[in-house]
Every structure is written in structure tokens, then in C-alpha cells.
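Residue strings, one per chain:
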Amino acid sequence: MSEPLPAPAPAPNPITRLLAPRLSLASCVRAYIVRSTVQAPLADPAQRLNRFPATPFCAIAWYVAGEAELVAPPRGPDTPPWQPVLLLGPQTQPTVTYNPGPVHLFMVVLFPQALHALCGLELPDWVDHWAGLSDVLGPRWAAMSDAVLAAPDDEARVAVLESFLEPLWQQARLSHPGSTGSVAGDWVRRLAVQAAAAGWGRGVRNIERRIKAWAGQPMRRLRRLRRAEQSFLDAREAVFAGKLSWTEVADRAGYADQAHFSRETREVTGASPSEIARLGMSDESYWLYRIWA
């Protein structure tokens, strides 16, 4: 009597990771993101989409393998071409990209005021904008970027990047008032406090001008994006606990009503709260929503 054949090994899943920075960089780096489908290629083109919400954060994205194409918003005549290493500013609307084939993405997400302090970039000029890193920053950053691409794995990439950022950030914290302070849950509120405490001219207009220079966007928009992010985290926690109430989530976040909550969520993510809750767990293109915390 022949023995039963062994069960086939389960198919590998794409690698999707959110990594925290070292404590000394916690007020500079929001997180590191790793996404790789190299070992688990996705056959369905719809699953090779990547959905990113509007965000106040900046980022540097390294495509260690593969490439991406912009799907939404539609490409315009001024849209920069894709490059293997991209510097991305804050985004005021959701973005969708497409990977023609397997991809390995390594990304560092930076607080906007930190990027301003590190590089001296005029953040208002970078809202809804991106460009090749080598086209914007100097040879020192380009050399670091090459070392990140050449690193053998993602842990080594984090080590290369943090060794580069650590001394720059320590100097920036001493010389730039908008970059001081420890990590805090509500970085937007901390930014407002720092703007109010920095130098002369503490009137409302001067504070708002300072915030926009540091973060690229006005405080009203930053608070709206922060509220949407916190609402998403609250809703996900409620789903895991089996106690989801959209009315309670909207009320806790300070929305006028559930319709207000739904409208702003769609503006930030491109989907309704219920769609985010459902697709975030089942649709591979919503992978970022599964790991963000």
C-alpha cells in the first residue's frame, strides 16, 4: 500500500514589514517600510497595485528590485519620471502605484520638519511633489543612497541609514528649533508648541507661517490628516476587539457626524471607512493599511 503524498507547502506570502527606528532617531524617523514580492510574485495585476493615503510625512523610497508606475492621480506633463530612488514630499491626496512585476521596496518615512532641518528643503515646494534623490540632494546623500541599495538585506539597510542620519540629526536638533523634542504620539500638536516657542514674532500668523515652512502644509490640514490617521488606528483596534462602532469612532475623533467622518476618510484614502476596514484585511493592494501603526 503506497504512502499518501505529503501536502504541498503553502505558497509564500509577500514580505510586508514596519520597522521602528532607534530611540535617538524617533523624532526624525516615523518608520521604515519593507515590501517585497520577489519571493512571492503576484499573478493578479489588481493585487500589484499599491494604495497610499494622503500623508503629512516625507519619505525616501529605494526600489531594490523592480519598479513602479503611477496610476493615480493621473500623470501630468510636469510629473517627474520614475527613478530607482525617490525623494517624496507630503501628499494631499491618495496615491496609487502599480508594479509591472516583482518588486522589493525599502522606504524611510520622515517627519516633515526633520527633513527640513536635515536638508534645508523648502517643504511648501515639495507638497504633492517627488523627484530622484540624486537630482535634489548632494553627493553625501547620494553615496549613502548607493550604500543602502548595495546592502545585503533590509536590516543592513536600516543600519546604513541610521549611521548616516544619527550625527546629522544630532546637529540639526541643536541648531533648528522645529526639530527638538522627543517622540510623541501627537507630533502635530508638538509642532505647534515648538512653533509658538521659537524666537520672536509669536503672533498667530507668524506661528502659522513657521509651521508651514517646517512641515509644508498649514496646521489645519496637518490636524485633519492626523485625525484621519488616528481614526483609522482606533477603528482597526475596535475591529480586532470585535467592538466596532463607526459612530463611536467618529465621535471620539471629533468629527461633526458620521457623514463628516466618511467624507474626510474618502478624501484621505480614496475609500470609505467600511471599505478600508474590509479591504485592508483582504486586498493585497491595501498592504500598507495592515501594517501601519
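Data block above holds the structure.
Not measured: the values here are computed from a predicted model. (Residues numbered from 1 in each chain as written. Predicted model: local features only at pLDDT ≥ 70, side-chain atom pairs only at ≥ 80, totals over all residues. Heavy atoms only, no water.)

I tried to follow the packing of aromatic side chains on my own but got confused; where do I start?
Geometrically, a pair of aromatic rings is defined through the distance of the ring centres and the angle of the planes. All told, the structure shown has 11 aromatic pairs when counted by the stated rule. Look at Phe52 and Trp287: their rings are 5.9 Å apart centre to centre, the planes differ by 90°, and that puts the pair in the edge-to-face class. Separated by 235 residues along the polypeptide, Phe52 in strand β3 (residues 49-52) and Trp287 in helix α11 (residues 287-291) bring together distant segments of the chain. Trp287 sits in the buried class, given a relative accessible area of 1%. Between Tyr63 and Trp82 the ring centres are 5.5 Å apart and the planes differ by 70°, which places this aromatic pair in the edge-to-face class. Of this pair, Tyr63 sits in strand β4 (residues 58-65) while Trp82 sits in the loop between β5 (69-72) and β6 (85-88), and the two are 19 residues apart along the sequence. Here the aromatic residues Tyr32, Trp62 and Phe106 are joined through ring pairs into a cluster of three or more. (Phe/Tyr/Trp six-rings, centres within 6.5 Å; stacked < 30°, edge-to-face > 60°. Helix = DSSP H or I, 4+ residues; strand = E, 2+ residues; numbered from the N terminus. Buried < 20%, exposed > 50% of the residue type's maximum accessible area, 1.4 Å probe, protein only.)

Looking at this structure, I do not really get a nonpolar patch on the surface. What am I missing?
Together, Val239, Phe240, Leu244 and Met281 line one region of the surface with nonpolar side chains, adding up to about 380 Å² of accessible area. With respect to the helices, strands and loops of the structure, Phe240 is situated in helix α7 (residues 219-241). (Patch = residues over 30% accessible without salt bridge, like charges linked within 9 Å, V, L, I, M, F, W, Y side chains within 5 Å. Areas by Shrake-Rupley, 256 points an atom, 1.4 Å probe, with all protein chains shown as cover. Salt bridge = Lys/Arg side-chain N within 4 Å of Asp/Glu carboxyl O.)

Can you walk me through the environment of Ile60 in this structure?
Relative to the helices and strands, Ile60 is located in strand β4. Along the chain, Ile60 and Val85 lie 25 residues apart, while their C-alpha atoms are 7.1 Å from each other. With sequence-adjacent residues up to four places away left out, Ile60 is seen in contact with Val85, Leu86, Leu87, Phe106, Met107, Val108, Leu110, Leu133 and Trp141. (Contact = heavy atoms within 4.5 Å.)

Sorry if this is basic, but what is going on with the pattern of salt bridges here?
Proximity of charged atoms lets side chains of opposite charge pair with each other. One pass over the structure, following the stated rule, counts 12 salt bridges. We note a salt bridge from Glu229 to Arg30, for which the minimum N-O separation is 3.7 Å. Here the residue Glu229 occupies a position in helix α7, and Arg30 occupies one in strand β2 (residues 29-36), the gap between them amounting to 199 residues. Given the relative accessible area of 14%, Glu229 is considered buried.

Looking at this structure, I do not really get the sheet that holds strand β1 (residues 15-19). What am I missing?
Backbone hydrogen bonds are what pair the strands of a sheet, in a parallel or an antiparallel way. Spatial strand order, β1-β2-β8-β4-β6-β9: 6 strands in an open sheet with antiparallel pairing. Each of the sheet's edge strands pairs with one partner strand only, and the pair in question is β1 and β9 (130-132). Going from strand to strand, the sheet's axes swing by 15° on average, the running direction of each strand aside. Here β4 runs beside β6; their pairing, made up of 4 bridges, is antiparallel. When the sheet's bridge partners are listed, Ala59 is paired in β6 with Leu88. (Pairing = 2+ DSSP bridges. Axes fitted to C-alpha atoms, helices over the stretch in contact; angles between N-to-C directions.)

When you look at helix α3 (residues 139-150) in this model, what are you seeing that I'm missing?
An α-helical segment advances 3.6 residues per turn. Residues three or four places apart therefore align on the same side. With 12 residues, α3 ought to run about 16 Å at 1.5 Å a step, and its terminal C-alpha atoms sit 16 Å apart, in line with that. Three or more residues of α3 are buried, namely Trp141, Met144, Ser145 and Val148. Buried residues of α3, viewed axially, fall in a sector of 100°; they line one side. Turned more than 90 degrees from where α3 packs its buried face, Pro139, Asp146 and Ala150 sit exposed. (Expected span 1.5 Å × (residues − 1). Arc of directions from axis to C-beta.)

When you look at the sheet that holds strand β7 (residues 95-98) in this model, what are you seeing that I'm missing?
Reading across the sheet, the 3 strands line up as β3-β7-β5 and stay open at both edges, with antiparallel pairing between neighbours. Each edge of the sheet is formed by a strand with only one pairing partner; in this case those strands are β3 and β5. Direction aside, neighbouring strands of the sheet carry axes that sit 30° apart on average. Here 3 bridges tie β5 to β7, and the two strands are oriented antiparallel to one another. By the bridge assignment, Leu70 is partnered in β7 with Thr97.

In this structure, what is going on with the state of the cysteines? I would like to understand it.
One covalent bond between the sulfur atoms of two cysteine residues makes up a disulfide. Under the counting rule described, the total for this entry stands at 0 disulfides. No disulfide involves Cys28; its nearest neighbouring cysteine sulfur is the one of Cys119, lying 9.1 Å away. Cys58 forms no disulfide, and the closest cysteine sulfur to it belongs to Cys119, at a distance of 9.3 Å. (Disulfide = S-S within 2.5 Å.)

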